[in-house]
Amino acid sequence: MKYTSVCIESLGYTLPTEIWTSEQIETRLEPLYERLKLPPGRLELMTGIRERRFWPVGEKPSVQSISSCNYALEASGIARSEIGCLIHGSVCRDFLEPATACTVHHELDLSPCCLVYDVSNACLGLLNGILQAANMIELEQIPAALIVGTEGGRQLVETTIAALNRDTSLTRKSVKPAIASLTIGSASCAILLTHRSISSTGNRLIAAAVSANTKYNDLCQSHHDQAGSEMAPLMDTDSETLMAKGLETGVATMIEFLRETGWQNTDICKSVCHQVGSVHRKLMLESLHLDPQFDFPTFAWLGNTGSAALPVTLAIAGETDFLACNDKVALLGIGSGINCIMIGVDWQKNLVASNETVKPQILTAT
């Protein structure tokens with residue numbers, strides 16, 4: 001997929017203020033840790049995640065998605081009447097129906113001619129939305145689009161803690177499929193795409209590559225199909241196999257990505273990956289022959305925030321001036337299923353807005 005006329009005009013994001021450290025989660029898991037004689041500090045040691053953040057109990061995803069969209073719109077100066085498509089791309093949504101995008105569209109007071117819908121694809125929903133909207137802009141069907149999503153990790157983490165403490169049959173081996181659920185955090189991000197003719201940033205999409213390795217669709221699955229702020233989910237994740245097959249899929253996708261962009265690995269100035277943990281990041285960058293010093297991580301203080309992870313990391317990378325004019329930026333997303341999306345961007349200018357209260361807390365991992 002090649003693009004000539006689509007730009008990332010601005011990004012808006014919101015982060016929760018409530019912080020749960022890995023140490024606090026282990027304290028809540030004291031019954032399990034005592035039964036299995038697990039050493040304290042194990043969770044952070046295994047994942048590289050110090051903390052994650054959670055929205056208030058019962059808060060619907062649309063609340064923060066509206067805020068993130070408003071930040072992106074206000075940063076850009078693009079008129080709301082220009083938005084021809086709104087896509088809500090997170091796993092978390094308000095209800096099974098109607099689409100969460102409907103609530104966001106109404107509260108943003110966007111045009112009735114705007115195409116409005118939800119997309120769900122595990123950790124890649126927002127990237128899928130970017131490609132769908134970019135295609136419409138490239139074809140000059142619409143001048144601009146908003147892609148937004150809000151992920152909430154509280155329900156999954158709390159439900160997992162309760163289940164682990166309750167199940168006295170667990171062993172060190174059988175507990176492994178639940179560990180990934182304890183890394184989940186919350187975040188919200190909106191991406192505003194525009195046609196190049198109305199862009200003030202010129203952050204142009206160059207090309208994208210996708211790959212579906214769906215024979216591994218059973219490596220990370222929820223127990224039930226649930227939606228809404230009161231859901232009580234549980235997940236089983238074969239983390240080791242998922243990582244191995246995900247990296248395999250990423251390597252195959254990178255070959256097509258370099259062909260589509262016309263880049264070499266050495267042309268990539270900066271990378272932003274889906275945020276899983278320290279081991280995943282190390283092995284992914286090694287397998288793609290990318291230098292870690294030119295990659296921007298947030299997992300250490302945000303955890304894995306699902307579909308919001310890569311976009312919000314891109315936003316923070318821009319906000320902290322990690323991204324510079326003329327950088328060739330690779331957005332590298334891998335999600336359960338297994339699916340992979342890679343997008344190349346010719347970066348020119350940072351235009352980011354967020355909730356001011358969390359900016360002083362910005363930290364990065366090494």
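What counts as what
Residues numbered from 1 in each chain as written. Predicted model: local features only at pLDDT ≥ 70, side-chain atom pairs only at ≥ 80, totals over all residues. Heavy atoms only, no water. Phe/Tyr/Trp six-rings, centres within 6.5 Å; stacked < 30°, edge-to-face > 60°. Helix = DSSP H or I, 4+ residues; strand = E, 2+ residues; numbered from the N terminus. Buried < 20%, exposed > 50% of the residue type's maximum accessible area, 1.4 Å probe, protein only. Polar contact = N/O pair within 3.5 Å; in protein donor to acceptor, adjacent residues only side chain to side chain. Contact = heavy atoms within 4.5 Å. Salt bridge = Lys/Arg side-chain N within 4 Å of Asp/Glu carboxyl O. Axes fitted to C-alpha atoms, helices over the stretch in contact; angles between N-to-C directions. Parallel < 35°, antiparallel > 145°, perpendicular 65-115°, else oblique. Left-handed = near helix turned anticlockwise from the far one by under 90°.

A. View of the packing of aromatic side chains. A full pass over the atoms with the stated rule returns three aromatic pairs. Summarising the aromatic geometry, the rings of Trp-20 and Phe-54 are spaced 4.8 Å apart at their centres and angled 85° between planes, so their arrangement reads as edge-to-face. Placement of Trp-20 in strand β2 (residues 18–21) and of Phe-54 in strand β3 (residues 51–54) is noted, with a sequence separation of 34 residues between them. An identical accessibility class is assigned to Trp-20 and Phe-54; each is buried.

B. Fine view of the side chain of Ser-199. Its place among the elements puts Ser-199 in the loop between β7 (187–195) and β8 (204–212). Only 2.5 Å separates the side chain of Ser-199 from the side chain of Glu-9, close enough to count as a polar contact. Reaching out from Ser-199, the side chain makes a polar contact with the backbone nitrogen of Gly-202 at a distance of 2.9 Å. Setting aside its immediate chain neighbours within four residues, Ser-199 contacts Cys-7, Glu-9 and Thr-194.

C. Main features of the pattern of salt bridges. For the structure on display, the rule yields ten salt bridges. Across the pair Glu-256 and Arg-259 runs a salt bridge, and its minimum N-O distance is 2.6 Å. Remark: Arg-259 and Glu-256 occur in helix α9 (residues 239–261); sequence separation between them is three residues, near one turn of the helix. Note on Arg-259: relative accessible area 54%, which makes it exposed. Close ionic contact of Asp-327 with Lys-270 constitutes a salt bridge, the shortest N to O distance being 2.8 Å.

D. Highlighting the packing of α9 against helix α10 (residues 278–287). Two elements in contact, α9 and α10, have axes whose closest approach is 10 Å; the angle formed by their N-to-C orientations is 30°. As summarised for this structure, α9 and α10 are arranged roughly parallel, according to the angle between their axes. Handedness of the crossing formed by α9 with α10: right-handed. Residues Met-243, Leu-247 and Val-251 of α9 touch α10, and the partners they reach there are Val-279, His-280, Leu-283, Met-284 and Ser-287.

Interpretation note: all reported values are geometric properties and have no functional meaning in isolation.
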